[in-house]
Every structure is written in C-alpha cells, then in structure tokens.
Amino acid sequence: MFEQIKLPYATNALEPYIDQLTVETHYGKHHVAYTKMFNELAEKAGVAGKTAEEILASLDEVADETLRKGLRNHGGGYYNHNLYFESFSPTPEKEPSGKLAEAIDLAFGSLDELKAQLSAAAAGQFGSGWAWLASDMDGNLSISASANQDNPISDGSGRIPLIALDVWEHAYYLKYKNLRADYIKAFFEVLDWKVISDKYDKIV
Ligand code: MN3
C-alpha cells in the first residue's frame, strides 16, 4: 500500500511563500487522488509488491497500454509529490552542506548558478510538468525538465531525483496566478537544503 508522506509542517507553515489554501488543495486533493489511483492501478497490474521507484523504472514491463500509462501518470504523481512536500520547511537551511555542496560547486560553479539553471528549466517547461535536480549513481548532478508526471526515474536515464519543482498550475495558481516566475522564486525560500543534502549523502 503506497502512502502519502505526512506533512512535516502545518498547512499554513510555508506562508507567505506557499499559501495554506494551495497546500491544502495540492496535498489534500491532488496528491490524495494520485495516491489512490496509483494503488488501484498497481493492484490491477500486479506490481503492488514493488517500490514506487521500481515500478517507475520498469514501466516497459507492463504490457497493457492503459495500465502502463496510468502507472506512469499516477505513480509519478504519487512519487513526485512525496518528494516535493517533504523538501519544504518553515525554517529551512538555506544552503547545501557536505558532499552536496562540493558536487554543486563542481557541476555548476555556485549555488546561485544552480538556482538560475533550475529556475530557467522550470520557467521554460511548456505546460504542466516539473523541473529536476537529479544525481546519477556516481553523484554527478544534472538539471532537467519533464512534462506531466514524468520524472528522472520514468525517463529511463537512471538518475535519482533530489529536487522536485512542480510547475503544474495547481502548484501556484491560487496565489500567483500567471506569475510562475514569482512562485519559482518563492519555492527556494522554503526549500530545505538539509533534506536535499541528506538525500544526496545516501547516494554517494
Ligand atoms: Mn502537483
């Protein structure tokens, strides 16, 4: 049974950057729906015993096209939003530490440059989707964007997502309306680099 993460903060704790109504709707409606559908589809496809990562990495093994598409969309929706919601804090660490800090300097030159590139990927994603910071198995970092609920696992690149930046309109429209760039700026105000650094330490 796949379960949503429990929010590690109150729904109003990310104000004013991410507003309470958006968290309540996004986590309490959208993420709930993805999770419910993913569980149903995983059961139907006979893959409910696998982890979400395993399912997303082996979608090709699901012969039925409708089930495969459903697992890609709802499994991605389930997994991506867990990553997204667990990465925030009302009292975030504003900079990466340890090995991640070194890897960022190596790949991007500076944290500001990483943020600029990730923001550009998020702003440039046409329509609904996500921007990602991901690591390969050797710890090399890269930035990408994907449509719908695709992610660096389901795209077959073998990368592990570290930062998930949701740019579906449901992630920002209630507060920011058409101003996606303002939401992207706000995202970094509550992104907890401690969570991201800890994730990276588990890979390398
Ligand atoms: Mn979303």
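What counts and how
Residues numbered from 1 in each chain as written. Predicted model: local features only at pLDDT ≥ 70, side-chain atom pairs only at ≥ 80, totals over all residues. Heavy atoms only, no water. Buried < 20%, exposed > 50% of the residue type's maximum accessible area, 1.4 Å probe, protein only. Helix = DSSP H or I, 4+ residues; strand = E, 2+ residues; numbered from the N terminus. Arc of directions from axis to C-beta. Contact = heavy atoms within 4.5 Å. Donors = N, O, S within 2.8 Å, 3.2 Å for Na, K, Ca; no water. Pairing = 2+ DSSP bridges. Domains from an automatic or database assignment. Buried area = accessible area lost by both parts, 1.4 Å probe. Salt bridge = Lys/Arg side-chain N within 4 Å of Asp/Glu carboxyl O. Polar contact = N/O pair within 3.5 Å; in protein donor to acceptor, adjacent residues only side chain to side chain. 1 Å grid on protein atoms, 1.4 Å probe; cavity = no way out; pocket = protein on both sides within 12 Å on 5 of 7 lines; lining within 4 Å. Points joined across faces, edges and corners; volume = space filled by probe spheres on them. Nonpolar A, V, L, I, M, F, W, Y, C, P; charged D, E, K, R; others polar. Axes fitted to C-alpha atoms, helices over the stretch in contact; angles between N-to-C directions. Parallel < 35°, antiparallel > 145°, perpendicular 65-115°, else oblique. Left-handed = near helix turned anticlockwise from the far one by under 90°.

Colleague: I keep staring at helix 4 (residues 98-108) and nothing clicks. Help me out?
Modeller: Side chains of residues three or four places apart in an α-helix project in the same direction, reflecting 3.6 residues per turn. Listed as buried for helix 4 are Leu100, Ala103, Ile104 and Phe108. For helix 4, the angular spread of the buried residues around the axis is 105 degrees, confining them to a single face. Facing away from the buried surface of helix 4 by more than 90 degrees, the exposed residues are Glu102 and Leu106. Lining the buried residues of helix 4 we find helix 5 (111-124), strand 1 (129-135), strand 2 (141-147), strand 3 (160-166) and helix 8 (193-203).

Colleague: What is the right way to read the side chain of asparagine 80 from this model?
Modeller: Relative to the assigned elements, asparagine 80 resides in helix 3 (residues 65-86). Classification of asparagine 80 by relative accessible area gives buried; the value is 0%. Asparagine 80 has contacts with Trp130, Trp132, Gln149, Asp150, Asn151 and Ala164, leaving out every residue within four places of it along the chain.

Colleague: Just to check I follow, could you spell out the coordination of the manganese ion for this structure?
Modeller: Coordination angles at a metal have ideal targets, namely 109.5 degrees for four tetrahedral donors and 90 or 180 degrees for six octahedral donors. Coordination of the manganese ion by the protein comes from His26 (NE2), His81 (NE2), Asp166 (OD) and His170 (NE2), over a distance range of 2.0 to 2.2 Å. Within one chain, the residues donating to the manganese ion are spaced in sequence as H-x54-H-x84-D-x3-H. Placement of the pair is histidine 26 in helix 1 (residues 20-45) and histidine 170 in the loop between strand 3 and helix 6 (173-176), with a sequence separation of 144 residues. As far as the burial class goes, histidine 26 and histidine 170 line up, both buried.

Colleague: Quick question: what am I supposed to make of the environment of lysine 36 here?
Modeller: Its place among the elements puts lysine 36 in helix 1. For lysine 36, a relative accessible area of 54% gives the class exposed. Each C-alpha atom, one on lysine 36 and one on valine 204, is 33 Å from the other, the two residues being 168 residues apart in sequence.

Colleague: Can you help me understand the pairing of strand 2 in this one?
Modeller: Consecutive side chains along a regular strand alternate between the two faces of the sheet. Judged from the seven bridges that link them, strand 1 and strand 2 form a sheet pairing that is antiparallel. Within strand 2, the residue paired with glycine 129 across the bridge is alanine 147. Counting the residues between successive antiparallel strands, the hairpin from strand 1 to strand 2 contains five residues, one of them, glycine 139, with a positive phi of roughly 90 degrees.

Colleague: Which parts of the structure should I look at to understand the domain arrangement of the protein?
Modeller: Frequently, the measure chosen for interface size is the accessible area removed from exposure when the parts meet. Each domain of the protein was delimited in the assignment, giving domain 1 (20-86) and domain 2 (98-203). Distance between the C-alpha centres of domain 1 and domain 2: 19 Å. Contacts between the two partners involve 20 residues from domain 1, matched on the other side by 21 residues from domain 2. Across the domain 1/domain 2 interface, buried area totals approximately 1700 Å², and carbon plus sulfur atoms make up 57% of it. For lysine 199, the salt bridge is made with glutamate 86, and the minimal N-O distance between the two is 2.5 Å. Summed over the shared surface of domain 1 and domain 2, the number is 10 residue pairs in polar contact (both at pLDDT 80 or more). Looking at the side of domain 1 that touches domain 2, the elements that each hand over two or more residues are helix 1, helix 2 (52-57) and helix 3. Looking at the side of domain 1 that touches domain 2 element by element, the count peaks at 10 residues for helix 3.

Colleague: Explain the layout of surface pockets to me, please; I cannot follow it from the model alone.
Modeller: Using a probe with the size of a water molecule, rolled over the atoms, empty space left in the structure can be pinpointed. Its boundaries defined by the atoms lining it, the largest pocket holds a volume of some 220 Å³. Every residue along the wall of the largest pocket is listed here: Glu53, Tyr79, Leu83, Ile160, Pro161, Leu162, Val195, Asp198, Lys199, Lys202 and Ile203. Elements with a minimum of two residues in the lining of the largest pocket: helix 3, strand 3 and helix 8. Counting residues per element, the lining of the largest pocket draws most heavily on helix 8, which supplies five residues. Here the residues of the lining of the largest pocket sort into seven nonpolar, no polar and four charged.

Colleague: Before we go on, may I ask you to explain the packing of helix 5 against helix 7 (residues 180-190) in this structure?
Modeller: Packed helices, taken two at a time, are described by the angle between their axes plus the distance between the axes. Their axes nearest at 10 Å, the elements helix 5 and helix 7 cross at an angle of 140 degrees. Considering their axes alone, helix 5 and helix 7 lie oblique with respect to each other. Considering the relative orientation of helix 5 and helix 7, their crossing is right-handed. Residues Lys115, Leu118, Ser119, Ala122 and Ala123 of helix 5 form the contact with helix 7, whose own contacting residues are Arg180, Ile184 and Phe188. In terms of residue class, the contact of helix 5 with helix 7 is made up of five nonpolar, one polar and two charged.

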